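Here are the chains, one letter per residue:
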Amino acid sequence: MRAHRSGPADDTEQTVDRSRDLRKAIDRTGYYPEVVADSVAGAVAGEQVVSFYVHHEPTFDLDEVRRHQSVVVLTPTRLILAHTDEHAGDDLLPEPYTSTSTEAVSLTSVKSVVVTRMTANPTKGPNPPAEAVMTIGWGGVSRVDLEPAGCSDPECDADHGYTGVLASDDFSLRVSAAADGRDAVGGLLSFAASLSARTQH
């Protein structure tokens, strides 16, 4: 079962520092809260926390259950991403351990915030989305989808080269009401809205 906590955007977000709410949300997941909170605090570096989203997801690896947690934080100037995983011992670290990576991205570098909503039974009137996907791109990771180019002449057999799309896909998070709870979907959409509002260049 996945756990999540979010800090939705509101009208007072420019004057309210939500650092304490973020810490409480991390504590509630119970997933190495001291380790996660320390890493996130180091990346935030004392800036105001405008909005946040915490997503805890277990993964199944054969007969083992391993957990992963993502914490996404919005400050007035940066987007902070923190990922924490747990690992079995290995040759270098014989005891079980966690690894946490953080990335701080300037809001001026964020090129796109893509939000996809999946709504069941749309003909039955207003209904909250059953799933949502937030994809954020800032140019750190890009992919190119190529395909042969053509023309409108069905008789043409000339080589027109290739055409393609360059897409930025640095971070993506998908949540569903069935797996994460309905509040998870609303929380992700709220965070995405807050981020979108602050990346209008």
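Worth saying up front: this structure is predicted, and the values here are computed from it rather than measured.

## Here we look at the pattern of salt bridges
Part 1: Following the criterion strictly, the structure yields six salt bridges and no others.
Part 2: Note that Asp-27 and Arg-23 form a salt bridge whose closest N and O atoms lie 2.9 Å from each other. Note that Asp-27 and Arg-23 are positioned in helix H1 (residues 19-29) at a spacing of four residues, about one turn of the helix.
Part 3: Three or more residues are tied together by salt bridges with common partners; here these are Arg-23, Asp-27 and Glu-34.

## Some thoughts on helix H2 (residues 33-44)
Part 1: A rise of 1.5 Å per residue sets the reference length of H2, with its 12 residues, at 16 Å; its end C-alpha atoms lie 16 Å apart and thus fit the reference within 8%.
Part 2: Backbone geometry just downstream of H2 places Ala-45 in the positive-phi region, at approximately 55 degrees.

## Things to note about the sheet that holds strand E7 (residues 131-137)
Part 1: Taken together, the three strands give an open sheet; going across it, the order is E6-E7-E10, and neighbouring strands pair in antiparallel fashion. Looking at which strands have only one partner, the edges of the open sheet turn out to be strand E6 (112-118) and strand E10 (171-176). Looking at each pair of strands side by side, their axes are set apart by 10 degrees on average, direction ignored.
Part 2: By the bridge criterion, six bridges tie E7 to E10 in an arrangement that is antiparallel.

## Here we look at the layout of surface pockets
Part 1: Here the largest pocket is characterised by a volume of approximately 180 Å³.
Part 2: Lining the largest pocket are 13 residues, and of these Ser-19, Leu-22, Val-40, Ala-41 and Val-49 sit closest to its centre.
Part 3: Broken down by secondary-structure element, the contributors of at least two residues to the lining of the largest pocket are H1 and H2.
Part 4: Broken down by class, the residue content of the lining of the largest pocket amounts to eight nonpolar, two polar and three charged.

## Description of the pairing of E7
Part 1: Burial of E7 is extensive: six of the seven residues sit out of reach of the surface.
Part 2: Note: E6 against E7, seven bridges, orientation antiparallel. Within the sheet, the bridge partner assigned to Val-113 lies in E7 and is Ile-136.

## Notes on the nonpolar core
Here is a general trend for soluble globular proteins: nonpolar side chains tend to be buried in one another's company.
Part 1: Among the nonpolar cores identified, the biggest contains 24 residues, and Leu-79, Ile-136, Phe-171 and Phe-191 are the most heavily contacted of them.
Part 2: Of all the elements in the fold, those that place two or more residues in this core are strand E3 (64-74), strand E4 (78-87), E7, E10 and helix H4 (182-197).
Part 3: It is H4 that provides the largest number of residues to this core, a total of seven residues.
Part 4: Ignoring sequence-local partners within four residues, the contact set of Phe-171 consists of Val-72, Leu-81, His-83, Met-134, Thr-135, Ile-136 and Trp-138.

## So, the environment of Val-40
Part 1: As for its placement among the helices and strands, Val-40 is situated in helix H2.
Part 2: With 41 residues separating them in the primary sequence, Val-40 and Leu-81 have C-alpha atoms 8.2 Å apart.
Part 3: Those residues within four positions of Val-40 in sequence are excluded, and the remaining contacts are Leu-22, Ile-26, Val-71, Val-73 and Ala-82.

## A few points about the packing of aromatic side chains
Part 1: The tally for this structure, following the rule as stated, stands at one aromatic pair.
Part 2: Between Tyr-31 and Tyr-32, the ring centres sit 5.0 Å apart and the planes meet at 65 degrees, which makes this aromatic pair edge-to-face.
Part 3: Tyr-31 sits in the buried class, given a relative accessible area of 0%.

What counts and what doesn't
Numbers given for residues are sequential positions, taken from 1 along each chain in its written order. Reporting of local features is limited, given that this is a predicted model, to residues whose pLDDT is at least 70; pairs of side-chain atoms are given and counted only at 80 or more, and all residues count toward the totals for whole chains, interfaces and linings. Side-chain numbers here rest on the full set of heavy atoms in the structure, without hydrogens or water. Only one rule defines a salt bridge in this text: a Lys or Arg side-chain nitrogen within 4 Å of an Asp or Glu carboxyl oxygen. Secondary structure elements are taken from DSSP: a helix is a run of H or I of four residues or more, a strand is a run of E of two residues or more, and numbering for both begins at the N terminus. Each residue after the first adds 1.5 Å to the expected span of a helix. Think of it this way: DSSP has to see at least two bridges between two strands before they count as a pair. Axis lines are fitted to C-alpha atoms, over the contacting stretch for helices. Their N-to-C directions set the angle, which ranges from 0 to 180 degrees. Each cavity reported here is a set of points on a 1 Å grid over the protein atoms alone in which a 1.4 Å probe fits but cannot get out, each pocket an open set with protein on both sides within 12 Å along at least five of seven lines, and each lining residue one with an atom within 4 Å of a point. Grid points are joined across faces, edges and corners, and a volume is the space filled by probe spheres set on the points. Ten residue types, Ala, Val, Leu, Ile, Met, Phe, Trp, Tyr, Cys and Pro, are classed as nonpolar, four, Asp, Glu, Lys and Arg, as charged, and the remainder, Gly among them, as polar. Exposure classes here rest on a 1.4 Å probe applied to the protein chains alone. A residue is buried below 20% of its type maximum, exposed above 50%, and partly exposed in between. Among buried residues, those of type Ala, Val, Leu, Ile, Met, Phe, Trp, Tyr and Cys that are joined through side-chain atoms within 4.5 Å constitute a nonpolar core. Between two residues, a contact is recorded if the distance between any of their heavy atoms is within 4.5 Å. Any Phe, Tyr or Trp ring, taking Trp's six-membered ring, that has another such ring centre within 6.5 Å forms a pair; planes under 30 degrees apart are called stacked, those over 60 apart edge-to-face, and the others tilted.

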